[in-house]
Amino acid sequence: MKRHGVGTTITEHILREERENPEATGAFTTLLNELIVAAKVVSREVNKAGLVDILGSTGRINVQDENVQKLDAFANQVLIERMQHIGQLCCMGSEENADLIDIPPDYPKGNYILLFDPLDGSSNIDVNVSIGTIFGIFKKNSEETNIDILLTDVLQPGIKQVAAGYFIYGSSTIMVYTTGKGTGVHGFTLYPSLGEFLLSHKNIQVPEKGKIYSVNEGNYSHWDEKTRALIDYFKTDDKETGRPYTSRYVGSLVADFHRNLLKGGIFMYPADKKDPKKPTGKLRLMVEANPLAMVVKEAGGYASDGHGPILEIDPSELHQRTPLYIGSKKDVELAEAFISGKYTGETS
Ligand code: FBP
């Protein structure tokens, strides 16, 4: 219901969820509200990037062995500085930081763990193509506060996330998130003149089967036979099974995922032999695959590493990588059948 021309704000939505959760203490609300402030700061900087000296590289190489872009570094700093003072976190983990990020002693600590990819789609930053911030939130299990020991609390399977989502900085800035447990996946669009996220996509459900496949086919020669057969399957002309699918690949995971979430389809970043140091593909389990896997599951879709659910992977490292097949349930199940060698030619 619109009041004074304004629809449901994200704060209203979060407070309603808090009231509906008997265990809620307000801690999660504080965490999410500050994360939203951080994203607004990043969104503002992204929107004016071409006008200020924030494009291009910092010249530094990060723990992912990637060139750190200036906007990457800016987004990372904004998230860390905004989130460390809220008193609800015991630590954070970022794609840009080799180790866990401790909460400075002059700030109170809490029981939540925030993991994030501060700016996903770095290769698209300088060319004004949609990029985003991806986040996953866990609760720590132990009473531990010592950062050196907290890694065991952080390395939980994705199924244990209490919330996950992303922000897209594109033609408009959108936040999509879920707290799981049947609460649904909801999208909020930033209303620039109001500076407020308003509900724009209520209870998103991904179509069970899509018509879009998203993959960097430039890696074809580095794929194994099963992966090639899968991609060839989506490109084969067969009206009965709605093929060929159409190819769409932005090169920003958050943007490719968001499109497929709304329209149906499958995003794939298979394992490849391109870089012996990265046999399991490029994408990170904890800050990219897990959060999006929680969102797609709550929206009726599925996320797999080709052999089983992403959310059930027991992580062993903060920056471990995983092959990723994510999106419409039937398309990802089919991909899993191909990659695990169980494909029999039958499609459901
Ligand atoms: P970062 O930008 O956070 O490092 O993310 C990795 C990423 O850019 C994804 O967003 C995207 O899906 C993928 O890499 C693109 O990789 P490639 O250029 O190899 O297709």
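Thresholds, definitions, all that
- Residues numbered from 1 in each chain as written.
- Predicted model: local features only at pLDDT ≥ 70, side-chain atom pairs only at ≥ 80, totals over all residues.
- Heavy atoms only, no water.
- Salt bridge = Lys/Arg side-chain N within 4 Å of Asp/Glu carboxyl O.
- Helix = DSSP H or I, 4+ residues; strand = E, 2+ residues; numbered from the N terminus.
- Buried < 20%, exposed > 50% of the residue type's maximum accessible area, 1.4 Å probe, protein only.
- Core = buried A, V, L, I, M, F, W, Y, C linked by side-chain atoms within 4.5 Å.
- Contact = heavy atoms within 4.5 Å.
- Axes fitted to C-alpha atoms, helices over the stretch in contact; angles between N-to-C directions.
- Parallel < 35°, antiparallel > 145°, perpendicular 65-115°, else oblique.
- Left-handed = near helix turned anticlockwise from the far one by under 90°.
- Nonpolar A, V, L, I, M, F, W, Y, C, P; charged D, E, K, R; others polar.
- Near = heavy atom within 4 Å.
- Polar contact = N/O pair within 3.5 Å; in protein donor to acceptor, adjacent residues only side chain to side chain.
- Areas by Shrake-Rupley, 256 points an atom, 1.4 Å probe, with all protein chains shown as cover.
- 1 Å grid on protein atoms, 1.4 Å probe; cavity = no way out; pocket = protein on both sides within 12 Å on 5 of 7 lines; lining within 4 Å.
- Sits in = over half its atoms within 2 Å of the grid points.
- Expected span 1.5 Å × (residues − 1).
- Pairing = 2+ DSSP bridges.
- Lys, Arg positive; Asp, Glu negative; His and termini not counted.
- Points joined across faces, edges and corners; volume = space filled by probe spheres on them.

J.: Would you mind showing me how to read the pattern of salt bridges here?
T.: Pairing is possible between side chains that carry opposite charge, provided their charged atoms lie close to one another. Applying the stated rule across the entire model yields 14 salt bridges. With a closest N to O distance of 3.1 Å, glutamate 95 and arginine 284 form a salt bridge. Here the residue glutamate 95 occupies a position in the loop between β3 (89–94) and β4 (101–102), and arginine 284 occupies one in the loop between β13 (266–269) and α7 (285–298), the gap between them amounting to 189 residues. Neither residue differs from the other here; glutamate 95 and arginine 284 are each classed as buried. In this structure, glutamate 217 engages lysine 235 in a salt bridge whose closest nitrogen and oxygen atoms are separated by 2.7 Å. Here the residue glutamate 217 occupies a position in the loop between β11 (212–214) and α5 (225–235), and lysine 235 occupies one in helix α5, the gap between them amounting to 18 residues. Counted as one network, the salt bridges with shared partners bring together Glu66, Glu95, Arg284 and Glu288.

J.: Any chance you could explain the nonpolar core here in plain terms?
T.: Generally speaking, soluble globular proteins have nonpolar side chains that are buried together. Core analysis: the biggest nonpolar cluster contains 43 residues, and Tyr166 and Leu261 have the highest contact counts within it. In contact with leucine 261, not counting residues within four places along its chain, are Tyr166, Val176, Ile204, Gln205, Val206, Pro207, Val295, Val296 and Ala299. In this structure, Ile10, Phe28, Val42 and Ile103 belong to the second largest nonpolar core, which totals 42 residues.

J.: Would you mind showing me how to read the packing of helix α6 (residues 253–263) against α7 here?
T.: Packed helices, taken two at a time, are described by their axes: the angle between them and the distance between them. Here α6 crosses α7 at 15°, and the two axes come no closer than 12 Å. Accordingly, the angle class assigned to the pair α6 and α7 is roughly parallel. In the crossing of α6 with α7, the sense of the turn from one axis to the other is right-handed. From α6, Leu253, Phe257 and Leu261 reach across to α7, where they touch Glu288, Leu292, Val295 and Val296. Across the contact of α6 with α7, the residue classes tally to six nonpolar, no polar and one charged.

J.: Just checking my understanding: could you explain unusual backbone geometry for this structure?
T.: Most peptide bonds take the trans form, and the phi angle of most residues other than glycine is negative. Arginine 243 connects to proline 244 through a cis peptide bond whose omega is 0°. Looking at the element boundaries, proline 244 is found in the loop between α5 and β12 (246–247). Even without a glycine there, the phi angle at asparagine 203 is positive, about 50°. Relative to the helices and strands, asparagine 203 resides in the loop between β10 (196–201) and β11.

J.: Explain the site of the ligand to me, please; I cannot follow it from the model alone.
T.: The ligand sits among 17 residues. The nearest are Asp120, Ser122, Tyr249, Leu253 and Tyr269. The backbone of glycine 121 places a nitrogen or oxygen atom 2.8 Å from an oxygen atom of the ligand. In this structure, asparagine 216 approaches the ligand through a side-chain N or O atom, which is 2.8 Å from an oxygen atom. The fraction of the free accessible surface of the ligand (470 Å²) that becomes covered by protein chains is 91%. Comparing atom positions with the cavity grids shows the ligand to sit within the second largest pocket. Elements with a contribution of two residues or more to the shell around the ligand: β5 (112–120) and β13. The element best represented in the shell around the ligand is β5, accounting for three residues. A breakdown of the residues in the shell around the ligand according to their chemical character gives five nonpolar, five polar and seven charged.

J.: Looking at this structure, how should I read α7?
T.: For the α-helix, the turn length of 3.6 residues means that residues three or four positions removed from each other point alike. With 14 residues, α7 extends 18 Å from end C-alpha to end C-alpha; this agrees with the ideal 20 Å at 1.5 Å per step. With respect to burial, α7 is a largely interior element, 13 of its 14 residues being buried. Phi turns positive, to about 90°, at glycine 300, one or two residues after α7.

J.: Explain the sheet that holds β12 here, please?
T.: As a general point, the strands of a sheet are linked pairwise by backbone hydrogen bonds and lie either parallel or antiparallel. Strands sit in the order β12-β11-β13-β15-β14 across an open sheet of five strands; the sheet is mixed. The open sheet is flanked by β12 and β14 (302–304), the only strands paired with a single partner. Together, β11, β13 and β15 (324–327) form the strand contacts of α6, whose direction differs from that of β11 by roughly 165°. Its contacts with the sheet place α7 against β14 and β15, and it is angled at close to 30° to β15.

J.: Looking at this structure, how should I read the side chain of aspartate 117?
T.: Locating aspartate 117 in the fold gives a position in strand β5. Buried charge without a partner: aspartate 117 forms no salt bridge, and the closest opposite charge is arginine 284, 5.2 Å away.

J.: Would you mind going over the layout of surface pockets with me for this structure?
T.: To find leftover empty space, a probe the size of one water molecule is rolled over the atoms. Volume-wise, the largest pocket comes out at about 620 Å³. For the lining of the largest pocket, the secondary-structure elements that each account for two or more residues are α1 (10–20) and α2 (27–47). Element by element, the count of residues in the lining of the largest pocket is highest for α1, at four residues. Classifying every residue of the lining of the largest pocket gives six nonpolar, 10 polar and six charged. Estimated volume of the second largest pocket: approximately 360 Å³. For the second largest pocket, the lining is made up of 23 residues, of which Gly121, Ser122, Ser123, Gly251 and Lys282 are closest to its centre.

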